[in-house]
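# Structure assessment
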Amino acid sequence: MKKITFYNLFFVFAVILFIGTKNIHSSILLIFASILELVDIIPKLIKVIKELRDYGE
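Residues numbered from 1 in each chain as written. Predicted model: local features only at pLDDT ≥ 70, side-chain atom pairs only at ≥ 80, totals over all residues. Heavy atoms only, no water.

## Some remarks on helix α2 (residues 24–56)
Its 33 residues give α2 an end-to-end C-alpha distance of 47 Å, which sits within 8% of 48 Å, the value for a rise of 1.5 Å per residue. Taking the largest bend as the criterion, α2 deviates by roughly 25°, centred on Ile41, and proline Pro43 comes between one and four positions later. Buried within α2 are the following residues: Ser26, Leu30, Ala33, Glu37 and Asp40. Of the surrounding secondary structure, the elements contacted by the buried residues of α2 are α1 (6–20). (Helix = DSSP H or I, 4+ residues; strand = E, 2+ residues; numbered from the N terminus. Expected span 1.5 Å × (residues − 1). Bend = angle between axes of the 7 residues up to and from the residue. Buried < 20%, exposed > 50% of the residue type's maximum accessible area, 1.4 Å probe, protein only. Contact = heavy atoms within 4.5 Å.)

Rendered as structure tokens:
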């Protein structure tokens with residue numbers, strides 16, 4: 001089962017808020033939530049890519 005983190009919950013909250021009320025504040029919150037999610041995901045992707053590259057050799 002996938003572990004639910006604060007980053008995921010914050011992103012879901014921002015998406016729901018943006019769908020409900022489309023204003024500048026919800027847009028900024030969605031941008032920050034997206035950036036925070038990317039900061040969490042990019043190191044994991046780099047690790048997987050390195051492992052796949054090492055596995056292929």
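## Things to note about the side chain of Asp40
Within the fold, Asp40 resides in helix α2. Setting aside chain neighbours within four positions, we find Asp40 in contact with Thr5 and Tyr7.

## Topic: the packing of α1 against α2
Contact pair α1 / α2: the axes reach a minimum separation of 9 Å and the direction vectors enclose 155°. As judged from the angle between their axes, α1 and α2 are roughly antiparallel. α2 is crossed by α1, and the crossing has left-handed handedness. Where α1 abuts α2, its residues Phe6, Tyr7, Asn8, Phe10, Phe11, Phe13, Ala14, Val15, Leu17 and Phe18 lie against Ser26, Ser27, Leu29, Leu30, Phe32, Ala33, Ser34, Leu36, Glu37 and Asp40. Among the residues forming the contact of α1 with α2, the class breakdown is 14 nonpolar, 4 polar and 2 charged. (Axes fitted to C-alpha atoms, helices over the stretch in contact; angles between N-to-C directions. Parallel < 35°, antiparallel > 145°, perpendicular 65-115°, else oblique. Left-handed = near helix turned anticlockwise from the far one by under 90°. Nonpolar A, V, L, I, M, F, W, Y, C, P; charged D, E, K, R; others polar.)

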